[in-house]
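A structural walkthrough
So the chains spell out like this:
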Amino acid sequence: MVNSTQFSYFILSAYFDSGRLKYLYFMFVLCLYILIVFANSLLIGVICMKRSLHEPMYIFLCSLFVNELYGSAGLFPSLLIQLVSDTHTIFAPLCFLQIFCLYTYISIEFCSLALMSYDRYLAICCPLQYNRRMTSNKVALFITVIWLHSFIEVLITLSLSVRLQLCGNVINRLICHNYHVAKLACSETSVSNIYGLFSGTLIVLVPLIPIFYSYMKILKICLVGSKETRQKAVSTCTPHLASLLNFSFGCGFLTLQSRFDMTSVPSMLRIILSLYFMICQPLFNPIMYGLRMSKIQKTCKSVFFS
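My aim in this report is to walk through the structure given alongside it, one point at a time. (Residues numbered from 1 in each chain as written. Predicted model: local features only at pLDDT ≥ 70, side-chain atom pairs only at ≥ 80, totals over all residues. Heavy atoms only, no water.)

1. A few points about the pairing of strand β1 (residues 9-12)
What you see with β1 is a clean split: Phe10 and Leu12 sit on the buried side and Tyr9 and Ile11 on the side with no burial. Sheet topology places β1 next to strand β2 (residues 89-91); three bridges connect them, and they run antiparallel. Looking across to β2, one finds that Phe10 is bridged to Ile90. Alignment of β1 against strand β3 (residues 170-171), held across two bridges, turns out to be parallel. Residue pairing in the sheet places Leu12 in a bridge with Ile171 of β3. (Buried < 20%, exposed > 50% of the residue type's maximum accessible area, 1.4 Å probe, protein only. Helix = DSSP H or I, 4+ residues; strand = E, 2+ residues; numbered from the N terminus. Pairing = 2+ DSSP bridges.)

As C-alpha cells, then:
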C-alpha cells in the first residue's frame, strides 16, 4: 500500500541558487509589477472618469484591465517572496489560492476576448442594430456571467484537487499548477482528470468559437465593404487580435511544458516562457490598447497635459 498524507506545504523546486543576483531579479520583477499596476490602473481610471468612454467596447476593456490586476496579484507577490527566499516553500492553502487565481484569470481573459470579438462583429457588421443589441444592461450581464462562470468552474476543479491524497509535495515549477499537484496524488484521479479535460475545453476551445465566427464575418465585410469600413475594422481589431495571439502563445507553451518533456529547451528560456502569459499579457494589453485606440490615447493626453 502506498503511503499518503496531506502536506501542509509544497516545495517549488524549479528555483535555483542565484547568489546575490537574486536581489537584482527581485528589483526587476518588482519594477515590472509596479508598471503593470500603474498602466492598468491608469486606464481603468480614465475609462471610469470619462463619460465619453462609457461605451460597451471600453467597458469590456475596463473589465479586461481589472482581470490583469487580478491575475498579477495572484502571481507577483508570491514570486517576489520566492526570489529572495532561501527555502522555496509555499503553504498548501496559498498554493491552492494561487491556482484558483491563475486559472480564473486565464478563463476570464479568454472569455473577455471572445466577448470583445462579438462586440466588434456587431459594431462592424451590424452597425444599425448595435445600440439595440448591445445595451448597457447586456454589457453588465455579459461581464457578470463570465466572471461568475470562471469562478464556479475553477472552484469545482480545485475542490477535486484539494481532496486528493498526495504521496509527495515537490512541484518542479516556479508557481503552483493544478496539473502538477494532481500528478503527486497516489489516490484515484480519474474524476479529477475527466473534469480537468472538460474544464480546459470550456476555458479555451469554447471562447474560440465566437472569436473565429466574429472574425470570419468581419473579414467577409471587409472584402466587400468600403475603405472606411476596412479602416474601422483594422483600427479596432488589430489590438484585439494582437492580444489574443500573444495570450494564446503564452498559454500554449504553458500547456506544452506541462504535458511534454521540455528538458532539451534551455532552463532559463523555460522559466521565462512558463511565466510569459502572466508577465507579458498584463503589460501588453494596456500598452497595446493605449497606443492603438485613438480615443483612449487622446483622453490620456488630455488628462496629463490639460
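More follows now that the structure is in view.
2. A look at the environment of Phe249
Inspection of the secondary structure puts Phe249 in helix α8 (residues 227-259). Among the residues examined, Phe249 registers a relative accessible area of 46% and is labelled partly exposed. Taking C-alpha positions, Phe249 is 27 Å from Arg230, a pair spaced 19 residues apart along the chain. Once residues lying within four places of it in the same chain are set aside, the contact partners of Phe249 are Leu273 and Tyr276. (Contact = heavy atoms within 4.5 Å.)

3. Things to note about the pattern of salt bridges
Under the counting rule described, the total for this entry stands at two salt bridges. Lys22 is the salt-bridge partner of Asp86, the closest N and O atoms lying 3.1 Å from each other. In this pair, Asp86 sits in the loop between α2 (56-84) and β2 while Lys22 sits in helix α1 (residues 21-49), placing the two residues 64 residues apart along the sequence. For Asp86, a relative accessible area of 67% translates into the label exposed. Judged by relative accessible area, which is 14%, Lys22 ranks as buried. Note that Asp119 is salt-bridged to Arg120, the shortest N-O span being 2.8 Å. On the basis of relative accessibility, which here comes to 7%, the residue Arg120 falls in the buried class. (Salt bridge = Lys/Arg side-chain N within 4 Å of Asp/Glu carboxyl O.)

4. Section: a nonpolar patch on the surface
A surface patch of nonpolar side chains, amounting to about 560 Å² of accessible area, comprises Phe16, Leu21, Leu24, Tyr25, Met268 and Ile272. Put simply, the parts of the chain that give the nonpolar patch at least two residues each are α1 and α9 (267-274). If you tally residues by element for the nonpolar patch, the top one is α1, at three residues. (Patch = residues over 30% accessible without salt bridge, like charges linked within 9 Å, V, L, I, M, F, W, Y side chains within 5 Å. Areas by Shrake-Rupley, 256 points an atom, 1.4 Å probe, with all protein chains shown as cover.)

5. As for the packing of aromatic side chains
Scanning the entire structure with this criterion turns up 12 aromatic pairs. Aromatic pair Phe10 and Phe96: ring centres 6.0 Å apart, planes at 85°, arrangement edge-to-face. Taken together, the positions of Phe10 in strand β1 and Phe96 in helix α3 (residues 92-125) put the pair 86 residues apart, joining distant regions of the chain. Considered together, Phe10 and Phe96 belong to a single accessibility category, that of buried residues. Measuring from ring centre to ring centre gives 6.1 Å for Tyr118 and Tyr121, while their planes differ by 35°; the resulting arrangement is tilted. Residue Tyr118 and its partner Tyr121 are both found in helix α3; the two are separated by three residues, about one turn of the helix. An aromatic cluster is defined as three or more aromatic residues linked by ring pairs; in this entry it consists of Tyr70, Phe100, Trp147 and Phe151. (Phe/Tyr/Trp six-rings, centres within 6.5 Å; stacked < 30°, edge-to-face > 60°.)

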